[in-house]
Amino acid sequence: MTDFMQVDYDGLIPNNVGLNQDDRVKKALEKWHPGYIDWWMDMGPVGFQESLVYLRTAVGVGSNGWAKFDYVRMPEYKWGILLAPQVEGRTVPFGTSKGEPAWQEVPGEHRAMLRRLIVIQGDTEPASVEQQRHLGTTAPSLYDMRNLFQVNVEEGRHLWAMVYLLQKYFGADGREEAEELLRRRSGDADTPRMLGAFNEQTPDWLSFFMFTFFTDRDGKMQLEALAQSGFDPLSRTCRFMLTEEAHHMFVGETGVGRIIQRTCEAMRSAGIEDPYDVGRIRALGVIDLPTIQKKANLHFSLTLDLFGSEVSTNAANAFHAGLKGRYHEDRLEDDHQLEGQTYPVLRPVDGVIQAMDVPALSALNMRLRDDYVKDCQKGIDRWNRVITSAGIDFQIRLPHVAFHRKIGEFKNSLYDIHGNPLTTDVWSSRRDEMLPNGDDQAYIEGLMAATPERQPGKYAGWIAPPRVGIDNKPGDFEYVKLA
Ligand code: BYC
Ligand code: FE
Ligand code: FE
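The phi dihedral of L338 falls on the positive side, at around 65°, and the residue is not glycine. With respect to the helices, strands and loops of the structure, L338 is situated in the loop between α9 (313–320) and β3 (342–349). On the basis of neighbour counts, which here come to 22 C-beta atoms within 10 Å, the residue L338 falls in the buried class.

Shown next as C-alpha cells:
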C-alpha cells in the first residue's frame, strides 16, 4: 500500500514509526535496549538461549504476509515497534469527546490516566515471560517448545510496544516508567508485578496452555478495548498486537485440546469409561479430565480478577475520557456515551447472587468480562467436542464467576463452582476437589519432568501431536535446533 506501512528492518530496532527521523526517541530506546537484553537473559527462558528457534518475526503490518519465519537465537530476535496503519480521518469513537479528530498527542487533562493504562498493559507482558521461564526443559516436543518461545518473544515485543509509547509521549516520567517495567518481577515480595494473576506461578505445561487460553484472552479483550482508544498511537499499537495475540490463544486452546484428546484416546484403549477413575487413568501416563477441569477453574478465576471491580469509577473515567472503549465499540450501535443507560451486574445480596442494574458507565469492567466469558465458552465447546466424540461422559465447564475471587463483588465471600455460598470450613474441606491440590500438582510435574521430548516429530505420551505444523511444516520438522 502506502509508504507508512514500510518497516525499516535494518537498524537495531525494526520499526514503522520513522525512528530514524526521531533522534530523541531513537536514542532513548537505544539506551533502554541493553537493560532489556539484561532482563531477557536474567528473567527470560532458562536455557535454550543459544538454540536456533524457528520463529516468526513481524516484518510488516499488511493484512497478509506480515511475518516471516526463520531460525533465530532468541536474544537476537528483532523486537520491533510496529503500528497498524493510520486510519484517515479517524475520530474519537466514544466518550465526551466523541467525534473530535483522534488525538495524535496525549490530551493533557488525561495524561495520568493514559500513562497508567499503558504502564499496566506493559507490566503484564514481561511478567508472563517471567512466569513461563522454567518451562523449556519439560517441553513435550520441539513443536511445543517453539510455540512457548514464540509466545515469549512476542510478549517481549509487546513490552517494547508500550515502552515506545512511554518514551515517545511521556517524557521524563515515561523514561522512568520504562525503567520500572524492567525492575518489577513476577512474584517478588518487594517489587511484584502490578496485577494479581501475573504474580502467580506457571509451574507446568497444562498451566501454560490454560494461561495462554484464559489469561492471554484477557490480553485480547483489554487490547481490543484499548484499540478503540481516541489516543491514536495506542489504538494503532494495540491493533497490531492483536494480530500476534491470536497465535497465543491458538497455542492455549490447541494445547489443552491435545492433552484432552490424548487422555480420551488412552482411556479408550485401556477400556476405562469412568473419567473419575483417576488412579487407573494416571497409571496410563495421561492427565485425567477432572484435574484438567480443576486447572481450568484456577486459571479462569485468576483471570476474571484481571477485569477489575465489576463496578468501577476508573473504568467509567477511562471511557468518558475516550481512552478505553468497549469490546467492538466500533460495531456497537448506540450513542457511545452511555449517559443514563444501565447494565446488569452480578452481586451478592444477603448471600444470594443477583443481577442488579447499575449505570452502564460504571459497569464497563463487568461488560468486558461478560464478553470475555462468552469468548472463553466457544473454546471450551471445542474441547468438549473432543470428549464427546471419544464417547466419554464428561464435559469441561466454566466455573461460576463468583468462584475463587480476590477482586470485585465476590472477594469477601466463598463460593463453590456453581456459585453456592460456602462457609470457611466447608470451603477448606472441599477446596481440593475444586482447585488443583498438592497431589495433582505433584503428579503433573512428575509426569512432565519424566517425559520431555527432544526428537523432531515425537511427542510426550500425555499430549497428542498437532494436526498441522507451524508455517505448514511437515510433522518431523526440527522446530528448535538445540545448541
Ligand atoms: N490485581 O476500579 P478497579 C495481557 C486495582 S493481560 C491488582 O476495580 P480498574 C497479557 C486497580 O489497579 C491485559 N490490582 O479496576 C496476558 C485499582 O488500583 P488503584 C492487561 C488490581 O482500574 C497474558 C484498584 O484495584 N491489560 O495483556 O477499572 C500474557 C481499583 O480498580 C486488579 C490491562 O489490564 C488486579 N487484578 O480495572 C501477557 C489494560 N484489578 O488505582 C499479557 C489496562 C484492579 O486504586 N488496565 N486492581 O491503585 C486496565 O484497564 C485496568 O487497570 C484494569 C483494572 C482492567 C486492570
Ligand atoms: Fe501480550
Ligand atoms: Fe499474549
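Below, the discussion takes up the site of ligand 1. Near ligand 1, the surroundings consist of 25 residues, among which G219, G308, S309, S312 and N314 are the closest. Secondary structure elements with two or more residues in the shell around ligand 1: α2 (111–131), α5 (205–227) and α9. Here the element with the most residues in the shell around ligand 1 is α2; it accounts for 6 residues. Taken together, the residues of the shell around ligand 1 sort by class into 7 nonpolar, 12 polar and 6 charged.

Core analysis: the largest hydrophobic core is formed by 127 residues, its most contacted members being I118, V163, L206, M210, I259, I260 and I292. Not counting residues within four places of it along the chain, the set of residues in contact with L206 comprises I259, I287, I292, K295 and I444.

Two elements in contact, helix α3 (residues 142–169) and helix α6 (residues 232–270), have axes separated by 10 Å at closest approach and are oriented at 170°. Here α3 is positioned roughly antiparallel relative to α6, judged by the angle of their axes. Of α6, the residues touching α3 (which contributes N147, Q150, V151, E154, H158, A161, L165 and Y169) are P233, L234, T237, M241, E244, H247, H248 and V251. The class makeup of the residues in the contact of α3 with α6 is 8 nonpolar, 6 polar and 2 charged.

One ladder, built from 8 bridges, connects β3 with strand β4 (residues 352–359); its direction is antiparallel. By the bridge assignment, P344 is partnered in β4 with D357.

A separate point is the sheet that holds strand β2 (residues 67–73). The strand order β2-β1-β7 describes an open sheet built from 3 strands, whose pairing is antiparallel. What marks the edges here is a single partner per strand, and that holds for β2 and β7 (480–481). Sheet analysis places strand β1 (residues 52–58) next to β2, joined by 7 bridges and oriented antiparallel. Each bridged residue has a counterpart across the sheet, and for Y54 the counterpart in β2 is Y71. Packing of α3 onto the sheet brings it into contact with β1 and β7, and relative to β1 it is tilted by some 40°.

Within the secondary structure, Y372 sits in helix α10 (residues 364–389). Residues within four places of Y372 in sequence aside, it is in contact with R217, D218, M221 and F307.

Attention now goes to the packing of helix α1 (residues 23–43) against α3. Contact geometry for α1 and α3: axes closest at 11 Å, N-to-C directions at 145°. Read as a crossing pair, α1 and α3 show a hand that is right-handed. Facing V25, A28, L29, W32 and W40 of α1, the residues of α3 in contact are G156, V163, Y164, Q167 and K168. Taken together, the residues of the contact of α1 with α3 break down into 7 nonpolar, 2 polar and 1 charged.

About the thresholds
- Residues numbered from 1 in each chain as written.
- Chains lettered and ligands numbered in written order.
- Predicted model: local features only at pLDDT ≥ 70, side-chain atom pairs only at ≥ 80, totals over all residues.
- Helix = DSSP H or I, 4+ residues; strand = E, 2+ residues; numbered from the N terminus.
- Buried ≥ 20, exposed ≤ 12 C-beta atoms within 10 Å, placed from the backbone.
- Near = placed C-beta within 6 Å.
- Nonpolar A, V, L, I, M, F, W, Y, C, P; charged D, E, K, R; others polar.
- Core = buried A, V, L, I, M, F, W, Y, C linked by C-beta atoms within 7 Å.
- Contact = placed C-beta atoms within 7 Å.
- Axes fitted to C-alpha atoms, helices over the stretch in contact; angles between N-to-C directions.
- Parallel < 35°, antiparallel > 145°, perpendicular 65-115°, else oblique.
- Pairing = 2+ DSSP bridges.
- Left-handed = near helix turned anticlockwise from the far one by under 90°.

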